[in-house]
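These are the residues of each chain, in order.
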Amino acid sequence: MQRYNPKEIEPKWQEAWTTDQLYKAVDFDARQKYIMLTEFPYPSGAGLHLGHIREYTYGDILARFKRMHNLNVLYPMGYDAFGLPTENYAIKNKISPQQATDENIANFRRELESLGYGFDWTRSFRTSDPEYYKWTQWLFLQFFKEGLAYQDEIAINWCPYCRTGLSNEEVINGRHERCDTLVEKKTLKQWLLKITAYADRLIDGLKDVDYPSRIADQQINWIGRSDGVDVTFKIENSDKTITAFTTAHDTIYGVTFMVLAPEHTLVKEITTPEHKAHVNSYIKVAQSKTEIERQDEGKEKTGVFTGAYAINPINNEKIPIWIADYVLASYGTGAVMGVPGEDARDYEFAQKYELPIIYTTEQQEFVNYQTELKHNRKKYKLANSEEFNGLDFKVGRQKILEKIIELKAGQSKVQYKLHDWIFSRQHYWGEPIPIIHCQDHGAVAVPEDQLPVKLPDVEQYEPTATGESPLAAITEWVNTTCPICGKPAQRETDTMPNWAGSSWYYLRYYDAHNDSVFADRKKLDYWGAVDMYLGGMEHTTLHLLYSRFWHQFFYDQGLVPTPEPYAARRGQGIILAADNTKMSKSKGNVVNPSDIIDSGYGADALRLAISFLAPYDQTTPWSPESVAGTHRLLQRVWTLVQEFQTQTAEPKDSSPQLNRIMHRTIKKVSSDLDRMNFNTAIAALMECVNELYHVKAKDNYAAKEWSWSLKTLLQLLAPFAPHIAEELWHQLGQTESIHISLWPAYEEQYIVENTVTIIIQVNGKLRGEISIASGADQAAVEKAAWDNKKVAGYLEGQTIRKTIYVPNKLVNFVV
Ligand code: ANZ
């Protein structure tokens, strides 16, 4: 009897699958297409971690499941090779980013292959290939031509450690999401992409895709659409005005002060001489704080009076103008109308500086605020609002808006939290932005036939502290001529963020080697939207949002056939260390997948273990014992098949029990896989194996369904443990790969515990008997009767006048 040795069978089958091109997706195939996409990795120096394995294993299980339903499955893989991690790794190891990328990708590829994933490797690429980034640059130029890529001098987030500008999405709690360094502000001339032009589309498009609500909500909140009013206040003794964005214009009679952000351009102009010193020192302190610190709800509010006053347009009340750091320069107009009677932050501020408090609803004084600093004014009638007193919130709000507009003091305004996407990076290892700066013609697109603008080979690529890209030092590369006038001109030296290449990579899988377009239109039409996209929850407001934006723009340009890139999205949970903390190199608690495979347990056991750990979307600790457990399961399956092959018992009776076990398992595993319940599917397989051992103990492979049962078990196991399933399938005499066999179907009749015998009569005469699940309905019984050849012989060609049905006993066709 052969021993189960994954080290032997796994490489053997991996090689065979490659030779047979088993996982090659076929363009224009008549079968229905199915694209299973997982986020492609950064080829870091550390190799694959368990998070990768979790994602790619889930993707592989689903891809195999669909392939066994005879779909034309595309399960691709590539490398997101540009960006900071590779550059930092290269600097640390004193090699070029190119060499680092080559080495790391070779390692990733080897590791991915060792897990037996069914990727179509013929479509692989890396974003740092000039043949690939040529198209990233080309797509960027489409934005540029439409005015959606533009330059602006703005205060951006700057990571002093990585020495680069960052987008808002890359700053999490005031820190750079990659290196955790506290982010500073720096004013630089930047390229931006006008993602705000797509803010509403990005919200609306979510209605047409299948995303879990927590992912959709996170995007909606990030975009942060607010419907409000810009109200303009005159400044006393000045021709200047202050406009404040408010979502609560109904509270306008309660405004008792104005607050400007310390950075507001009016601050310098309106501050009176005797308040200058105070104001200036306050601004200094505010600038040293991060936005997060400034917005911290629990923080005590601070501010200073400017000495100036504004006039409330609704009632001509004179109100003091303050500055305070809880007002952000980057949101709305950078000015707030202070309504301490209705707004918690304004309330705290007024309390501290003894400013008057007027509430504009019939609420119970400030009881709510003192207890929880929260109150829902929408539930109350208006108060202290002159002619609007006593009106219901909704009605009053509408009427006040009409009055504000009539007074020409304001207008409706839609405000977004989303800002335009800062697209410049001051780093070497990225796509050069394909722009040439000419004295006379400004920023000019590099002509299409000159793409790609290749990254020059350089010795020195470390980032500078000045905010200038290292490319700026390479004069022979920088100096060029203007494509319009031919006069001397300079290349743009900023590069794109690593989110650029990943914003459209899925489309390249449809046509990975095309060098005349980014992808052939016919292939784009055939493959359409990605059917299922699996990725990290942490990418919801980064990559996932960015790529939806790019795709929507491409759709508007007529470049792609679908309005959304991904028909469905799921986010897998994170794997923690066994002690429930984050796995990290510094803590030395990182589990290396290769070690598990090499230890003799093999890839199949690891794939099962990781899928058995927890529901797919849950963050969960790794369990070191789990692989031993799943290895044992595979060992038992192996033994079952080996013993069957050497058994001598003659197959005899049919076994209802064996049928029941198998049909029930098919049903359970199928419906679990439809819903991505990988862990419960594996539990069902474990139970199935246990039950097979029980039946075997009883009849020692005598039932005639054994061969079918074992093959069915292997098919159900195949998506999870593809190597052992393939090996045993062949041992049972199959010649085609199990992975292109048809997924087994179950029949309900075998699953139900009790079957009954029903008598079939035609015109009252006994014509046959059928065995069917107890309680089966009349339609099922009639169908079974027709399926019975003998009975059908009496029925065919007859007109059925009546059918008499006695449940669980008899059916009589009157013809
Ligand atoms: C007066 C008021 C009274 C407000 C009230 C709210 C409730 P969202 O929903 O997030 O858009 N605000 C406006 N600009 C701001 C800025 N730059 N920094 C800090 N806060 C700002 O919030 C809109 C509300 O946030 C606005 O409506 C304004 O306060 C404040 F009972 O105006 B409100």
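Residues numbered from 1 in each chain as written. Predicted model: local features only at pLDDT ≥ 70, side-chain atom pairs only at ≥ 80, totals over all residues. Heavy atoms only, no water.

## Digging into the pattern of salt bridges
Any two side chains of opposite charge can pair if their charged atoms end up close together.
Here's step 1: Taken as a whole, this structure holds 39 salt bridges when the rule is applied.
Here's step 2: Taking the shortest distance from any N to any O, the salt bridge between R570 and D210 comes out at 2.9 Å. One end of the pair, R570, is in strand β21 (residues 569–572); the other, D210, is in the loop between α6 (199–204) and α7 (213–223), with 360 residues separating them in the sequence.
Here's step 3: A salt bridge links K487 to D440; the nearest nitrogen and oxygen atoms lie 2.6 Å apart. You can see K487 sitting in the loop between β18 (479–481) and β19 (488–491) and its partner D440 sitting in the loop between β16 (435–438) and β17 (442–445), a full 47 residues away along the chain. (Salt bridge = Lys/Arg side-chain N within 4 Å of Asp/Glu carboxyl O. Helix = DSSP H or I, 4+ residues; strand = E, 2+ residues; numbered from the N terminus.)

## Section: empty space enclosed by the protein
Here's step 1: The tally for this structure, following the rule as stated, stands at two cavities of 30 Å³ or more.
Here's step 2: Residue lining of the largest cavity: 16 residues in total, with G83, L84, R425, P497 and N498 positioned closest to the centre.
Here's step 3: If you list the elements that add at least two residues to the lining of the largest cavity, you get α3 (84–93) and β4 (164–166).
Here's step 4: Residues that form the lining of the largest cavity fall into these classes: five nonpolar, seven polar and four charged.
Here's step 5: Mapping the lining of the largest cavity onto the domain boundaries places at least three of its residues in each of domain 1 (31–126 + 499–574) and domain 2 (137–221 + 420–491). (1 Å grid on protein atoms, 1.4 Å probe; cavity = no way out; pocket = protein on both sides within 12 Å on 5 of 7 lines; lining within 4 Å. Points joined across faces, edges and corners; volume = space filled by probe spheres on them. Nonpolar A, V, L, I, M, F, W, Y, C, P; charged D, E, K, R; others polar. Domains from an automatic or database assignment.)

## Focus: helix α9 (residues 276–287)
Here's step 1: For α9, spanning twelve residues, the distance from its first C-alpha to its last is 17 Å, which sits close to the expected 16 Å at 1.5 Å a residue.
Here's step 2: On its buried face, α9 is in contact with α8 (266–270), α10 (291–295), β11 (303–311) and β12 (318–324). (Expected span 1.5 Å × (residues − 1). Contact = heavy atoms within 4.5 Å.)

## A closer look at the packing of aromatic side chains
Here's step 1: Under the definition given, this model contains 55 aromatic pairs.
Here's step 2: Ring centres 4.1 Å apart and planes at 20° place the aromatic pair F143 and F553 in the stacked group. With F143 in helix α5 (residues 130–145) and F553 in helix α17 (residues 543–556), this residue pair connects regions lying 410 residues apart in the sequence. Taken as a pair, F143 and F553 share a single burial class, namely buried.
Here's step 3: On the basis of an interplanar angle of 35° and a centroid distance of 5.5 Å, the ring pair of F257 and F349 is categorised as tilted. With F257 in strand β10 (residues 257–260) and F349 in helix α11 (residues 344–353), this pair connects stretches of sequence that are 92 residues apart.
Here's step 4: Overall, F257 belongs to the buried group, its relative accessible area being 0%. (Phe/Tyr/Trp six-rings, centres within 6.5 Å; stacked < 30°, edge-to-face > 60°. Buried < 20%, exposed > 50% of the residue type's maximum accessible area, 1.4 Å probe, protein only.)

## Examining the domain arrangement of the protein
Here's step 1: Taken domain by domain, the protein comprises domain 1 (31–126 + 499–574), domain 2 (137–221 + 420–491), domain 3 (226–415), domain 4 (638–750) and domain 5 (753–814).
Here's step 2: For domain 1 and domain 2, the distance between their C-alpha centres works out to 21 Å.
Here's step 3: Each partner contributes to the interface: domain 1 provides 46 residues, whereas domain 2 provides 41 residues.
Here's step 4: Across the domain 1 to domain 2 interface the summed buried area is about 4,200 Å²; carbon plus sulfur atoms make up 66%.
Here's step 5: Broken down residue by residue, the surface that domain 1 buries against domain 2 is led by F82, F549 and F553, which jointly contribute 17%.
Here's step 6: Seen at the junction of domain 1 and domain 2, the total is two salt bridges.
Here's step 7: Two residues, D556 and R201, come together in a salt bridge whose shortest N-O distance is 3.0 Å.
Here's step 8: Applying the counting criterion to the domain 1 and domain 2 interface returns 19 residue pairs in polar contact (both at pLDDT 80 or more). (Buried area = accessible area lost by both parts, 1.4 Å probe. Polar contact = N/O pair within 3.5 Å; in protein donor to acceptor, adjacent residues only side chain to side chain.)

## Concerning the site of the ligand
Here's step 1: S226, T246, L328, Y331 and K417 are the nearest of the 18 residues found near the ligand.
Here's step 2: Take T247: an N or O atom from its main chain is 3.1 Å from an oxygen atom of the ligand.
Here's step 3: Note that an oxygen atom of the ligand is positioned 2.5 Å from one of the side-chain N or O atoms of Y331.
Here's step 4: When the ligand sits alone it has 650 Å² of accessible area, and the protein chains cover 86% of it.
Here's step 5: Secondary-structure elements contributing two or more residues to the shell around the ligand are β9 (241–246) and β13 (335–338).
Here's step 6: Its residues assigned to classes, the shell around the ligand shows nine nonpolar, five polar and four charged. (Near = heavy atom within 4 Å. Areas by Shrake-Rupley, 256 points an atom, 1.4 Å probe, with all protein chains shown as cover.)

## Details of the sheet that holds strand β27 (residues 810–814)
The pairing of strands in a sheet comes from backbone hydrogen bonds and takes either a parallel or an antiparallel form.
Here's step 1: A sheet is described by the order of its strands in space; here four strands give the open sequence β25-β24-β27-β26, paired in mixed fashion. A single partner strand is all that each edge strand has here, and the edge strands are β25 (765–773) and β26 (802–806). Shown here is a sheet whose adjacent strand axes are inclined to one another by a mean of 20°, direction ignored.
Here's step 2: Where strand β24 (residues 755–762) lies against β27, four bridges are found, and the strand directions are parallel. (Pairing = 2+ DSSP bridges. Axes fitted to C-alpha atoms, helices over the stretch in contact; angles between N-to-C directions.)

## Remarks on the packing of helix α18 (residues 593–612) against helix α19 (residues 626–646)
Here's step 1: In the contact formed by α18 and α19, the axes pass within 8 Å of each other and the chain directions differ by 80°. Considered as vectors, α18 and α19 are oriented roughly perpendicular to each other. Seen from α18, the contacting residues are I596, G600, Y601, D604, A605, L606, L608 and A609; seen from α19, they are S626, V627, A628, T630, H631, L633 and L634. (Parallel < 35°, antiparallel > 145°, perpendicular 65-115°, else oblique.)

## Points about the side chain of N812
Here's step 1: Checked against the element boundaries, N812 lands in strand β27.
Here's step 2: By relative accessible area, N812 is classed as buried at 10%.
Here's step 3: Within the local environment of N812, its side chain forms a polar contact with the backbone nitrogen of G764, the two atoms lying 3.0 Å apart.
Here's step 4: Beyond its immediate sequence surroundings of up to four residues, N812 is in contact with Q761, V762, N763, G764, K802, T803 and I804.

## Some remarks on the sheet that holds strand β2 (residues 72–74)
Here's step 1: Taking strand neighbours across the sheet as the criterion, the four strands line up as β2-β1-β20-β21 in an open arrangement whose pairing is parallel. Sheet topology places β2 and β21 at the edges, where each strand pairs with a single neighbour. With strand direction ignored, the average angle separating the axes of adjacent strands in the sheet is 20°.
Here's step 2: Note: strand β1 (residues 33–38) against strand β20 (residues 532–536), three bridges, orientation parallel.

## Here's the deal with the environment of S385
Here's step 1: With respect to the helices and strands, S385 occurs in the loop between α12 (367–372) and α13 (393–406).
Here's step 2: The class of S385 is buried, set by a relative accessible area of 0%.
Here's step 3: Note: C-alpha distance between S385 and D250 (135 residues apart in sequence) is 8.8 Å.
Here's step 4: What S385 contacts, discounting residues up to four positions off in sequence, is Y253 and T360.
Here's step 5: A polar contact is formed between the side chain of S385 and the backbone oxygen of A383, at a distance of 2.9 Å.

## Looking at α18
Here's step 1: Compared with an ideal rise of 1.5 Å per residue, which puts 20 residues at 28 Å, α18 spans 16 Å between its outermost C-alpha atoms and falls more than 12% short.
Here's step 2: Considering bend angle alone, the principal kink of α18 is centred on G600 and spans about 120°.
Here's step 3: Burial analysis of α18 places 14 of its 20 residues in the buried class, the great majority of the element.
Here's step 4: Put simply, N592 is the residue that caps the front of α18, since its side-chain oxygen is 3.1 Å from the backbone nitrogen of S594. (Bend = angle between axes of the 7 residues up to and from the residue.)

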